[in-house]
Amino acid sequence: MRPRLLVKKSASDGRNGQTVTDENDIKGEGPAPPGDASGTPQPRPAPAPEKSAAPKTPPPAPPAAPKPAAPAAPASPPAAAPKANPLTAPVPSAALDKIREKFSDQVIEVTYYASEVTVKLKQERAEEIWRFLRDDPGLRFDYLSNVTAVHWPERPKPFEVVYHLFSISTRQRLNLKLDAGEGEQPPTASRVWPTANWHEREVFDLFGIRFHGHPDMTRILMTDEWVGHPLRKDYPLEGKPEDHIQLRDVTTAEHVYTYDKSSIKGFGWKKEVEKTGEGRG
Amino acid sequence: MFRTEEMDINMGPQHPSTHGVLRLILNLDGEEIADVRPVIGYLHRGVEKLSEHRTYAMIEPLTDRLDYVAAISENLGYCGAVEKLMGLQIPPRAQYIRVILAELQRIASHLLWLGTHALDLGAMTVFFYTFRERELILDLFEQFCGARLTYNSMRIGGLYEDVPAGWTDRVRHFITIFPSREKEYEDLLTVNRIWLGRTQGVGILSAEDAIALGTSGPTLRGSGVDYDVRKAQPYSSYDQFDFDVPVGTKGDTYDRYRIRMEEMRQSCRIIRQALDRLPEGEVRAKVPKYIKPPAGEVYHVVESPRGEQGFYIVHKGGEMPYRMRFRSPSFVNLQALPTMCRGRLIADVVAIIG
């Protein structure tokens, strides 16, 4: 398991620049006709903004920087830099530069994998950053492709909400992440991109993350009566239905039914009174 | 005195026009639709959870079932995502055969759509014509991999095996006869007055709404947005083929119909180019027997017949993904249904779903 290359805001040095040129070289000398098998196009605009040197440099300024290193690079990756994994090499991203420029204190962590840029943000100004990414004339991330979550039970904040953005005009992709603790309510993205409405309902349904300000925070795939959130890592995978399946009466939100094989009345569902007061959850 | 009040009525979960199980709660004002609330999840099978406990090779058969009328597109996207995670290069011959298969699948899927869509709107003849041609494609798939619906035809790193002898000639035969067959459907529908009356101006979706609601595929392009993953972010050597992306003007059901018809022609173009330039060589890259990608996460998208199909894999080591997410285009496209239906009649809902 290789460690992921994490680049914090100011933790930049020459090595990052070096890996960028390495990666360019690997791509350049590869056979052209077969195309990129992984389906990742190289980012087109603004060749290599050296994010390490100064975050505020406009993208087109230093295109000459990687060039001098290029001739020497082909020999170096196997020998000099065994850790330079081309998959985790940093790639230039105009969006990341702009986020760093305007919201430098909001970026927690930046990850690169297979030419994808993933930025983990703090929750406080997330909606502001989303609006900026959507409306900025140079970025225009107007298309929210996907929203999902990942459950990491061992972390202090166990949930990661992941947003996959795409810009139809500039053909760029950008992944954003927010951390969410148990019971914490991250802001809804549905005010910025209406498509997030159903995605967030699905995340709520399968992970139990409620989104603050969401217009309709109800289950979407499971029935409204379902108790539990199946995509959590602690959701039981084995056992008989009566061991863990429960249904909640959504009209009163006070009764929880468990399955009892011996009971014929009510199709085997046995009522147990439980004061939750939560409803629909 | 007459009373006027809005009424809720259920359409589905079992309704002949939904082709599957979809429940729509229609909020009616007379016969006009005031609002629609789609209720989904009847076919939720927990594939994402299942994938967390299977090795990468074992997940591929599951992806067949994501969309059982366009299984090859799902196979292609899934294999592409894992290959991206592993940093694999696929042999050019395998890439070209994948493109041929995916485009045949697109035609087959569009044919199924066209037949059932026309059937729902009362044009029964088209259904028999389209299934005649779809059968030819299914025969080609059967000759290639032995299955007719859930193919499991690709492998991580390429294909299971090369195409059988004579298969390319049969594909060439199909794309030679197909344009004249497509003209038969067009003769039945494109200038048919009933068809025009049922589809033109129905279910209009503006370009802004289409983008904001995250729709993709023919639904998005029907609204005039030029976004096709094959062009925008080419995968599996789609950048080496010459084809056009049809774009609509009004965003109504008729535009979406025209776009799918044109896409079938463009698919034929792509298949012809791929057959002409089909490279020789291996069809599978060197892949270890036990696939253990490095830790990382990727989001890979492909253009399935229905739109942008995304695959998000989080891998933290070992043989199984830590988290697998399938972004299905229909789930998102369905979210635009209320916008398209408002102010229309109940009968139009059938045309809009199609």
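See above for the structure.
Residues numbered from 1 in each chain as written. Chains lettered and ligands numbered in written order. Predicted model: local features only at pLDDT ≥ 70, side-chain atom pairs only at ≥ 80, totals over all residues. Heavy atoms only, no water.

A.B. asks: Help me understand the state of the cysteines, please; the structure alone is not making it clear to me.
C.D. replies: When the sulfur atoms of two cysteines share a covalent bond, that bond is a disulfide. Residue and element names in this part refer to chain B. For the structure shown, the criterion picks out zero disulfides over all chains. Cysteine Cys79 remains unbridged, with the sulfur of Cys145 as its closest cysteine sulfur at 13 Å. For Cys145, a relative accessible area of 29% translates into the label partly exposed. (Disulfide = S-S within 2.5 Å. Buried < 20%, exposed > 50% of the residue type's maximum accessible area, 1.4 Å probe, protein only.)

A.B. asks: How should I be thinking about a negative patch on the surface in this particular structure?
C.D. replies: Taken together, the side chains of Glu6, Asp8, Asp29 and Glu32 of chain B define an acidic patch exposed on the protein surface. Residue classification places Glu32 of chain B among the partly exposed residues on the basis of a relative accessible area of 40%. (Patch = residues over 30% accessible without salt bridge, like charges linked within 9 Å, V, L, I, M, F, W, Y side chains within 5 Å. Areas by Shrake-Rupley, 256 points an atom, 1.4 Å probe, with all protein chains shown as cover. Salt bridge = Lys/Arg side-chain N within 4 Å of Asp/Glu carboxyl O. Lys, Arg positive; Asp, Glu negative; His and termini not counted. Charge placed at Lys NZ, Arg CZ, Asp CG, Glu CD.)

A.B. asks: How should I be thinking about the packing of helix H4 (residues 92-120) of chain B against helix H5 (residues 124-145) of chain B in this particular structure?
C.D. replies: Helix-helix packing is characterised by the crossing angle of the two axes and by the distance between the axes. All names here are of chain B. Between H4 and H5, whose axes approach to 8 Å, the crossing angle comes to 155 degrees. With respect to each other, H4 and H5 are oriented roughly antiparallel. With respect to the hand of their crossing, H4 and H5 are arranged in left-handed fashion. Packed against H4, whose contacting residues are Leu101, Leu104, Gln105, Ile107, Ala108, Leu111, Leu112, Leu114, Gly115, Thr116, Ala118 and Leu119, the element H5 presents Met124, Val126, Phe127, Thr130, Phe131, Glu133, Arg134, Ile137, Leu140, Phe141 and Phe144 at the interface. Looking at the contact of H4 with H5 residue by residue, the class counts come to 17 nonpolar, four polar and two charged. (Axes fitted to C-alpha atoms, helices over the stretch in contact; angles between N-to-C directions. Helix = DSSP H or I, 4+ residues; strand = E, 2+ residues; numbered from the N terminus. Parallel < 35°, antiparallel > 145°, perpendicular 65-115°, else oblique. Left-handed = near helix turned anticlockwise from the far one by under 90°. Contact = heavy atoms within 4.5 Å. Nonpolar A, V, L, I, M, F, W, Y, C, P; charged D, E, K, R; others polar.)

A.B. asks: How do you make sense of the pairing of strand E5 (residues 173-180) of chain A when you look at a structure like this?
C.D. replies: The two faces of the sheet receive side chains in turn, since in a regular strand these alternate between them. All names here are of chain A. Burial runs high along E5: eight of the eight residues are buried. Covered by surrounding structure in E5 are Arg173, Asn175, Lys177 and Asp179 together with Leu174, Leu176, Leu178 and Ala180, the residues of both alternating faces. Relative to E5, strand E2 (residues 116-121) runs parallel, the two sharing four bridges. Bridging across to E5, Thr118 finds its partner in Asn175. Pairing geometry for strand E4 (residues 159-166) and E5, over eight bridges, is antiparallel. Bridge pairing links Phe166 to Arg173 in E5. (Pairing = 2+ DSSP bridges.)

A.B. asks: Explain the sheet that holds strand E6 (residues 296-304) of chain B to me, please; I cannot follow it from the model alone.
C.D. replies: Through backbone hydrogen bonds, the strands of a sheet pair up, either in parallel or in antiparallel fashion. Residue and element names in this part refer to chain B. Spatial strand order, E6-E7-E8: three strands in an open sheet with antiparallel pairing. Across the chains shown, the open sheet's two edge strands, defined by having one partner strand only, are E6 and strand E8 (323-327). Looking at each pair of strands side by side, their axes are set apart by 10 degrees on average, direction ignored. The pairing of E6 with strand E7 (residues 307-315) spans nine bridges and is antiparallel. Looking at the pairing, Ser304 lines up with Gly307 of E7. Contacting E6, E7 and E8, helix H3 (residues 71-86) crosses the sheet at an angle of about 150 degrees to E6.

A.B. asks: Sorry, what's going on with H3 of chain B here?
C.D. replies: It helps to recall that an α-helix has 3.6 residues per turn; residues three or four apart then point in one direction. Residues and elements named next belong to chain B. Here H3 spans 23 Å end to end across 16 residues, near enough to the 22 Å set by a 1.5 Å rise per residue. Of all 16 residues making up H3, 16 are buried, and the element is well covered by its neighbours. Following H3 by one or two positions, Gly87 has its phi on the positive side, about 70 degrees. (Expected span 1.5 Å × (residues − 1).)

A.B. asks: I keep staring at the sheet that holds strand E1 (residues 7-11) of chain B and nothing clicks. Help me out?
C.D. replies: Residues and elements named next belong to chain B. With antiparallel pairing, the three strands of this open sheet are ordered in space as E1-E2-E3. Of all strands in the sheet, those bounded by a partner on one side alone are E1 and strand E3 (32-39). When strand polarity is set aside, the average angle formed by the axes of neighbouring strands in this sheet is 25 degrees.

A.B. asks: Is there a simple way to think about the packing of aromatic side chains in this case?
C.D. replies: Residue and element names in this part refer to chain B. Considering all chains together, one arrives at 23 aromatic pairs over all chains under this definition. The rings of Tyr96, Tyr235, Tyr238, Phe241 and Phe243 are connected pair by pair, giving a single aromatic cluster. The residue whose ring lies beneath Arg132 is Tyr129, and the NZ or CZ to ring-centre distance is 4.9 Å. The aromatic ring of Phe243 is capped on one face by Lys231, whose charged end is 4.4 Å from the ring centroid. (Phe/Tyr/Trp six-rings, centres within 6.5 Å; stacked < 30°, edge-to-face > 60°. Lys NZ or Arg CZ within 6 Å of the ring centre and 35° of its normal.)

A.B. asks: Looking at this structure, how should I read helix H6 (residues 196-207) of chain A?
C.D. replies: Between its terminal C-alpha atoms H6 of chain A stretches 15 Å, which fits the 16 Å expected from twelve residues at 1.5 Å a residue. Most of H6 of chain A sits out of view: twelve of its twelve residues are buried. Buried within H6 of chain A we find Ala196, Asn197, Trp198, His199, Glu200, Arg201, Glu202, Val203, Phe204, Asp205, Leu206 and Phe207 of chain A. Where the residues of H6 of chain A are buried, they touch strand E3 (143-151) and E4 of chain A together with E3, helix H1 (47-51), E8 and helix H12 (329-333) of chain B. Within two residues after H6 of chain A, Gly208 of chain A carries a phi angle of roughly 80 degrees, on the positive side.

A.B. asks: Looking at this structure, how should I read the pattern of salt bridges?
C.D. replies: Any two side chains of opposite charge can pair, so long as their charged atoms come close to each other. Going through the model one piece at a time under the given rule, you end up with 49 salt bridges over all chains. The salt bridge partner of Arg37 of chain B is Asp216 of chain A, with a shortest N-O separation of 2.9 Å. You can see Arg37 of chain B sitting in strand E3 and its partner Asp216 of chain A sitting in the loop between H6 and helix H7 (241-244), one on each of two chains. Accessibility expressed as a relative area gives 35% for Arg37 of chain B, which makes it partly exposed. A salt bridge links Glu186 of chain B to Arg265 of chain B, with the nearest nitrogen and oxygen atoms 2.0 Å apart. Highlighted residues: Glu186 of chain B in helix H6 (residues 167-189) and Arg265 of chain B in helix H11 (residues 253-276), separated in sequence by 79 residues. Look at Glu186 of chain B and you get buried, because its relative accessible area is 14%. The structure contains a network of salt bridges with shared partners spanning Glu103, Arg106, Arg221, Asp228, Arg230, Glu263 and Glu303 of chain B.

A.B. asks: Please explain the environment of Asp8 of chain B as it appears in this structure.
C.D. replies: Residue and element names in this part refer to chain B. Among the secondary structure elements, Asp8 is positioned in strand E1. Given the relative accessible area of 54%, Asp8 is considered exposed. Linking Asp8 and Pro279, residues 271 residues apart in sequence, is a C-alpha distance of 58 Å. Setting aside anything within four residues of it in sequence, one finds Asp8 in contact with Ile25, Leu26 and Asn27. A distance of 2.7 Å separates a polar atom in the side chain of Asp8 from a polar atom in the side chain of Asn27. (Polar contact = N/O pair within 3.5 Å; in protein donor to acceptor, adjacent residues only side chain to side chain.)

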